[in-house]
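Structural features, examined
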Amino acid sequence: MVWPSSPPDDADRLSYADAKPMPFWLDRPRPEARPPATGETKADLLVVGGGLTGLWAAVRARQEMPDLDVVLIEGESIGSGASGRNGGFMSSSLVHGINNGLARFPNEVAKLEQLGLENLEAIKSSVTATGIDCDLTSPGAVETAMTGHQFDDLGEAVGELEQYGHEAELLDAEAMRSELDSPLFTGGLWQKSGECLIDPVKLCDGLARLAESLGVRIHENTLMTGFEESDAGVTVSTADGRIDASQVLLATAAFRSPVGAIRRRVVPVFDYVLMSEPLTLAQWESIGWHNRQGFSDSANQFHYYRPTADGRILWGGYDAVYNYGGRVEEDYYQRDESFAGLAHRFFAAFPQLEGLRFSHRWGGAIDTCSRFFAFYGTSRGGRVGWAVGHTGLGVGASRFAAGVGLDLLYDRESPVAGTDYLRSLPMPFPPEPLRWGAIQLTRNRIAAADRKGGRRGVWLKTLDRLGLGFDS
Ligand SMILES: Cc1cc2nc3c(=O)[nH]c(=O)nc-3n(C[C@H](O)[C@H](O)[C@H](O)COP(=O)(O)OP(=O)(O)OC[C@H]3O[C@@H](n4cnc5c(N)ncnc54)[C@H](O)[C@@H]3O)c2cc1C
């Protein structure tokens, strides 16, 4: 057991008592809301969802198929889903980490890693070429070890990363402490390539502006309530009208989908985040962190933590909560038990920062599927397609997934044509109430495995053998 077993105390709760209950990234002047779609609208391509997947799809559709008339609808506002609530770690991995890729498609990992690195480079060049200021930095990401067992695992992972073209460095206790001074982290693995940090809402807003400059019409507060085949191709109904489109791309992530194949395979898992006030120079000095990397723990239940451009620390993760029935409800975005736990473990990791306050607290819904990365499909004779299921690592992969979704809809040559990555689907979750029971049992066994230094029991080993899992 490495994290404190003691419960959160009054000081922990006080640290976030005045925090605004909203994502830090969204708490700034934003572009004026685009008007909802009303009456009858026509489009060649309708993209549903104004997160990073939908925005990249709209941008790429116009850039790569300039003859298409593209409309994007978003049920709330741009970036109001996971894309405006995440940690801003932008990774090259398309498969939720090399280990997960190796466990599923060992023969395709080399190709997928290469495509992932190219995708990340394409995001960087796009951001630079179009002047999107999203505080993008490339300091790499460090996975920390808190036990000998975790450090041994990181030792093996260095070789894997290097084998697939990454630059990585194993940090022993002393080296780790000089990167980030915590009494709890006794080693680390610093992946120096393929890992960036961004401000996700600045990226969303920049992409929305770019899409509009390319001719995409964006409608916010426009919820798709259903769709049916029609003479136009597909007619999508919304609260105030209908949209006739030749093709539709669903980029709706964890939100309830009208498509059964998605509903069976995606569950919304809520993840929680605290954002600190800006640290003073003395506070930064007290913890080191001179290289300003992104960090995460290497246990199954993990935190992620990163600095922001204005000198705060974002600290999130660990709990991964599934609520019975699998809905994304506004109420689920706040969870005091999770915030108290986050604060408690933050001060255990950084006792030097006692007294620091958190300015924002929020949650978000992760579109978890049992293989932990995006999957694709079409229905209605190939007129409706989807790219969903990023499972907590979609900030970078969203651009790639958007491209693959368009490949399927428009029958284009895809970089992943013929791969199991594209062809196969994650195993569905069972229906309720079994779904809730199975997920709670899995969460419970994951926590037990972490308490036992990572040793997986019978239930988790069985899931591993079946290629099933639960992650965030
Ligand atoms: C707390 C948290 C932390 C995370 N941290 C990271 C991280 O550090 N790095 C990383 O790579 N990934 C992270 N992720 C995951 C990442 O945010 C997503 O994978 C990524 O943003 C891609 O999002 P998306 O566009 O697919 O989904 P979303 O951003 O959720 O977009 C889906 C959009 O579709 C809209 N929508 C849904 N249904 C309808 C409908 N019927 N009609 C109209 N609109 C609809 C929603 O309103 C929403 O805006 C995190 C997620 C969460 C929640």
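Look up: the structure comes first, before these words.
Below, the structure is looked at part by part.

What counts, and at which threshold
Along each chain, residue indices are assigned from 1 in the same order as the chain's sequence is written. With the structure being a predicted model, the display of local features is reserved for residues of pLDDT at least 70 and the display and counting of side-chain atom pairs for 80 or more, all residues being used for whole-chain, interface and lining totals. To get the side-chain values, take all heavy atoms of the structure and skip hydrogens and water. A run of H or I in DSSP becomes a helix once it reaches four residues, and a run of E becomes a strand once it reaches two; helices and strands are each numbered from the N terminus. To get the radius of gyration, use the C-alpha atoms; to get the globule rule, take the number of residues to the power 0.38 and multiply by 2.2 Å. Exposure is judged per residue with a 1.4 Å probe applied to protein chains only, and the accessible area is read against the type maximum: over 50% gives exposed, under 20% gives buried, and values in between give partly exposed. What sets the accessible areas is the Shrake-Rupley method with a 1.4 Å probe; for residues, cover comes only from the shown protein chains. Put simply, two rings from Phe, Tyr or Trp (the six-membered ring, in Trp's case) pair if the centres are within 6.5 Å, and we call them stacked under 30 degrees between planes, edge-to-face over 60, tilted for the rest. Only when the NZ of Lys or the CZ of Arg is both within 6 Å of the ring centre and within 35 degrees of the ring normal is a charge said to sit over the ring. Only protein atoms enter the calculation, which uses a 1 Å grid: trapped sets of points that fit a 1.4 Å probe without letting it out are cavities, open sets showing protein on both sides within 12 Å along at least five of seven lines are pockets, and any residue with an atom within 4 Å of a point is a lining residue. Grid points are joined across faces, edges and corners, and a volume is the space filled by probe spheres set on the points. Three categories are distinguished: nonpolar for Ala, Val, Leu, Ile, Met, Phe, Trp, Tyr, Cys and Pro, charged for Asp, Glu, Lys and Arg, and polar for the others, with Gly belonging to the last. Only strands joined by at least two bridges in the DSSP assignment are considered to pair. Lines fitted to the C-alpha atoms define the axes, with helices restricted to the stretch that makes contact. Angles between their N-to-C directions range from 0 to 180 degrees. Here the expected length of a helix is defined as 1.5 Å per residue gap, with one fewer gap than residues. Note on contacts: a residue pair is in contact if any heavy atoms of the two residues lie within 4.5 Å. Whether a residue is near a molecule or strand depends on its heavy atoms: it is near if one of them lies within 4 Å of it. Here a polar contact is recorded for every N or O atom pair within 3.5 Å, except that within protein the pair must consist of a potential hydrogen donor and a potential acceptor, and residues adjacent in sequence are included only if both atoms are side-chain atoms. A pair of sulfur atoms, both from cysteines and within 2.5 Å, is called a disulfide here.

Here's the deal with the overall build of the chain
Counting its regular elements, the chain contains 14 helices and 18 strands. Whereas a compact globule of 472 residues would reach a radius of gyration of roughly 23 Å, the chain reaches 22 Å, a difference of no more than 12%. Among the 472 residues that make up the chain, the fraction classed as buried is 57%. Summing over all exposed atoms, the chain offers an accessible surface of approximately 18800 Å²; the carbon and sulfur share of this is 50%.

Digging into the packing of aromatic side chains
Here the structure, examined in full by the defined rule, presents 28 aromatic pairs. Look at Trp3 and Phe185: their rings are 6.5 Å apart centre to centre, the planes differ by 75°, and that puts the pair in the edge-to-face class. Highlighted residues: Trp3 in the segment before helix H1 (10-15) and Phe185 in the loop between helix H6 (173-179) and strand S6 (187-191), separated in sequence by 182 residues. When the centroid spacing of 5.3 Å and the interplanar angle of 65° are considered together, the rings of Phe346 and Phe350 count as edge-to-face. Residue Phe350 is classed as buried on the basis of its relative accessible area of 0%. Through a chain of ring-to-ring contacts, the aromatic side chains of Trp3, Phe185, Trp284, Trp289, Phe295, Tyr305, Trp315, Phe346, Phe347, Phe350 and Phe358 assemble into a single cluster. The ring of Phe372 has Arg104 lying over it, and the distance from NZ or CZ to the ring centre is 5.2 Å.

Considerations on the layout of surface pockets
Quantified by volume, the second largest pocket comes out at close to 570 Å³. Pro4, Gln301, Tyr318, Asp319 and Arg345 are the residues nearest the centre of the second largest pocket, which is lined by 27 residues in total. Here the lining of the second largest pocket is composed, by residue class, of ten nonpolar, nine polar and eight charged.

Examining empty space enclosed by the protein
Following the criterion strictly, the structure yields two cavities of 30 Å³ or more and no others. Taken as a whole, the largest cavity spans an internal volume of roughly 60 Å³. Lining the largest cavity we find 13 residues, and of these Leu94, Phe373, Ala374, His390 and Ala397 sit closest to its centre. Counted by class, the lining of the largest cavity contains ten nonpolar, three polar and no charged residues. Around the second largest cavity, the lining residues are Arg445, Ala448, Ala449, Lys452, Arg455, Arg456, Gly457 and Leu460. Here the lining of the second largest cavity takes three residues from helix H13 (residues 434-451), the largest share from any one element. Tallied by class, residues from the lining of the second largest cavity come to three nonpolar, one polar and four charged.

Let's talk about the sheet that holds strand S14 (residues 303-307)
Spatial strand order, S5-S6-S4-S13-S14-S15-S12-S16: eight strands in an open sheet with mixed pairing. Either end of the sheet is taken by a strand with one partner, and the two such strands are strand S5 (168-171) and strand S16 (358-368). Neighbour-to-neighbour, the strand axes of the sheet open up by a mean angle of 20°, direction not taken into account. Of the strand pairs in this sheet, strand S12 (residues 267-276) and strand S15 (residues 313-317) are connected by three bridges, and their pairing is antiparallel.

Points about helix H10 (residues 336-349)
Spacing of three or four residues puts side chains on the same side of an α-helix, whose turn is 3.6 residues. Under the 1.5 Å per step criterion, the end-to-end length of H10 is 20 Å for 14 residues, consistent within 8% with the ideal 20 Å. Summarising burial for H10: eleven of the 14 residues are buried, a large majority. Those residues of H10 that fall on the buried side of the exposure criterion are Ser338, Phe339, Ala340, Gly341, Leu342, Ala343, His344, Arg345, Phe346, Phe347 and Ala349. Check the buried side of H10 and you find it contacts H1, S12, S14, S15 and S16.

Some thoughts on the site of the ligand
Within the structure, the ligand sits among 35 residues, and Thr53, Glu74, Gly75, Ser83 and Phe89 are positioned closest to it. Between the ligand and Gly87 there is a distance of 3.1 Å, counted from a nitrogen atom to a backbone nitrogen or oxygen. Contacts to the ligand include Gly394, whose backbone N or O atom sits 3.1 Å from an oxygen atom. In terms of residues, the shell around the ligand owes the most to one element, S16, which gives three residues.

Focus on the state of the cysteines
Applying the stated criterion across every chain, the model contains zero disulfides. Between Cys196, a cysteine without a disulfide, and Cys134, which holds the nearest cysteine sulfur, the sulfur-to-sulfur distance is 9.4 Å.

Examining helix H11 (residues 397-409)
For H11, which comprises 13 residues, the first-to-last C-alpha distance of 18 Å matches the rise-based estimate of 18 Å (1.5 Å per residue) to within 8%. With twelve of its 13 residues buried, H11 lies for the most part within the structure. Those residues of H11 that sit buried are Ala397, Ser398, Arg399, Phe400, Ala401, Ala402, Gly403, Val404, Gly405, Leu406, Asp407 and Leu409. Just beyond H11, the residue with positive phi is Asp411, at close to 55°.

Fair warning: the whole summary comes from geometry, so function is off the table for now.
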